[in-house]
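For reference, the chains in residue letters:
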Amino acid sequence: EDKVVQSPLSLVVHEGDTVTLNCSYEVTNFRSLLWYKQEKKAPTFLFMLTSSGIEKKSGRLSSILDKKELFSILNITATQTGDSAIYLCAVVSNFGNEKLTFGTGTRLTIIP
Amino acid sequence: EAQVTQNPRYLITVTGKKLTVTCSQNMNHEYMSWYRQDPGLGLRQIYYSMNVEVTDKGDVPEGYKVSRKEKRNFPLILESPSPNQTSLYFCASSLKVYNEQFFGPGTRLTVL
């Protein structure tokens, strides 16, 4: 059974801090890993990673994948209150049936 | 505007009364799926469809049915809802399974 584990489950930091969110996975025939941000509504896409060691970056957010050690990290620098959200990691497997498996998410709270 | 729509957005019903939640996308996406989101359990895939007339079970398909007669629509059917199906439901679509998923706004279902 495919498994995606995110840590920590919850994180509270002060504005301006840097945070690192973790996502480890065990899936059959890995295809890609995606990060999403969920505020009070539907998840919105952040990054898709398919190749090991290549950093994806968007402003203060960046992410990298390690296919050997089966994990990804999401970094947020100079955090702002608008970064408060649940961050979800999802892995796509490709072994006859192409399905997505989500982790339970990390709830990030930024204190002003 | 490119979007995924779901209806209804909120629904309170009683045990055993059949219901359908509609999902429609206007992006000509091949891949569509349904998720339920419960506290502490994250997003879990119910059913997915790789194209018209091609559907398959996700991780939690029991008690649900789907159909994909047209590319744009992917309704979720609860033949005999039970209280343990009370949840927040999201429909999502993507060009292919490994691409960015676009989520609908969610349907909050309560089964009494």
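The paragraphs below set out a description of the structure included in this document. What you see is a predicted model, and the numbers here were worked out from it, not measured in a lab. Numbers given for residues are sequential positions, taken from 1 along each chain in its written order. All chains are assigned letters beginning with A, and all ligands numbers beginning with 1, in the order in which they are written. The model is predicted, so local features are restricted to residues of pLDDT at least 70 and side-chain atom pairs to those at 80 or more, both for listing and for counting; the totals for chains, interfaces and linings are taken over all residues. Hydrogens and water molecules were not included; the side-chain quantities draw on all heavy atoms of the structure.

All right, on to the nonpolar core then. Residue and element names in this part refer to chain A. Tyr-25, Phe-30, Leu-33, Trp-35, Tyr-87, Val-91 and Leu-108 are the most contacted members of the largest nonpolar core, which totals 22 residues. Every helix listed is a DSSP run of H or I at least four residues long, and every strand listed is a run of E at least two residues long, numbered separately from the N terminus. Elements that contribute at least two residues to this core include exactly strand S3 (19-26), strand S4 (30-38), strand S5 (44-49), strand S7 (61-66), strand S8 (71-76), strand S9 (85-95) and strand S11 (106-111). In this structure Tyr-25 touches Lys-3, Val-4, Phe-30, Leu-33, Leu-65, Asp-66, Lys-67, Leu-70, Phe-71 and Val-91, once residues within four positions along its chain are discounted. The definition of a nonpolar core used throughout is a set of buried Ala, Val, Leu, Ile, Met, Phe, Trp, Tyr and Cys residues joined through side-chain atoms within 4.5 Å. For each residue, the accessible area found with a 1.4 Å probe, counting protein chains only, is set against the maximum for its type, and the residue is called buried under 20%, exposed over 50%, and partly exposed in between. Whether two residues are in contact is decided by their heavy atoms: any pair within 4.5 Å suffices.

All names here are of chain B. The criterion for a disulfide is a pair of cysteine sulfur atoms lying within 2.5 Å. In the structure shown here, the tally under the stated rule is two disulfides over all chains. The disulfide bridge from Cys-23 ends at Cys-91, spanning 1.8 Å between sulfur atoms. In this structure the cystine formed by Cys-23 and Cys-91 twists about its S-S bond by roughly -70°; its chirality is therefore left-handed. Placement of Cys-23 in strand S3 (residues 19-25) and of Cys-91 in strand S9 (residues 87-94) is noted, with a sequence separation of 68 residues between them. For the pair Cys-23 and Cys-91, a shared accessibility class is recorded, and that class is buried.

All names here are of chain B. Summarising burial for S9: eight of the eight residues are buried, a large majority. Only when DSSP finds a minimum of two bridges between them are two strands counted as paired. As paired strands, strand S4 (residues 31-38) and S9 are joined by seven bridges and run antiparallel to one another. If you follow Ser-33 over to S9, its bridge partner there is Ala-92. In the sheet, S9 pairs with strand S11 (residues 107-111) via three bridges, with the strands oriented antiparallel. By the bridge assignment for S11, Tyr-89 is matched with Thr-107. In terms of strand pairing, S9 meets strand S10 (residues 102-103) through two bridges, oriented antiparallel. Note that in S10 the partner of Ser-93 across the bridge is Phe-102.

On to the packing of aromatic side chains, then. Geometry of aromatic contacts follows a simple scheme: Phe, Tyr and Trp rings, the Trp one being its six-membered ring, pair when their centres are within 6.5 Å, and the pair is stacked under 30 degrees between planes, edge-to-face over 60, tilted otherwise. According to the stated counting rule, one finds 10 aromatic pairs over all chains in the structure shown. Plain terms: the ring middles of Tyr36(A) and Phe45(A) are 5.9 Å apart, the flat faces sit at 75° to each other, and that makes the pair edge-to-face. Classification of Tyr36(A) as buried rests on a relative accessible area of 0%. A ring pair is formed by Phe90(B) and Phe103(B), whose centres lie 6.1 Å apart and whose planes are at 85°; its orientation type is edge-to-face. Here Phe90(B), found in strand S9, pairs with Phe103(B), found in strand S10; they are 13 residues apart in sequence, far enough to count as distant. Of the two residues examined, Phe90(B) and Phe103(B), each falls in the buried class.

Inspection of the secondary structure puts Asp38(B) in strand S4. Engagement of the side chain of Asp38(B) in a polar contact is seen with the side chain of Arg44(B), the distance being 2.8 Å. Think of a polar contact as two N or O atoms within 3.5 Å of one another; within protein, one of them needs to be a possible hydrogen donor and the other a possible acceptor, and neighboring residues in sequence only count if both atoms come from side chains.

All names here are of chain B. Strand order in the open sheet formed by four strands is S1-S3-S8-S7, and the pairing between neighbours is antiparallel. Only two strands of the sheet have a single partner each, and these edge strands are strand S1 (4-7) and strand S7 (65-66). Summarising the sheet, S7 and strand S8 (residues 76-78) pair through two bridges and their orientation is antiparallel. Residue pairing in the sheet places Val-66 in a bridge with Leu-76 of S8.

Right, let's talk about the sheet that holds S3(A) for a bit. All names here are of chain A. A sheet is described by the order of its strands in space; here five strands give the open sequence S1-S3-S8-S7-S6, paired in antiparallel fashion. Each edge of the open sheet carries a strand with a single partner, namely strand S1 (3-7) and strand S6 (56-58). On average, adjacent strands in this sheet sit at an angle of 15° to one another, irrespective of strand direction. Geometry is summarised by axes, namely lines fitted to C-alpha atoms with helices restricted to the contacting stretch, and by angles between N-to-C directions that run from 0 to 180 degrees.

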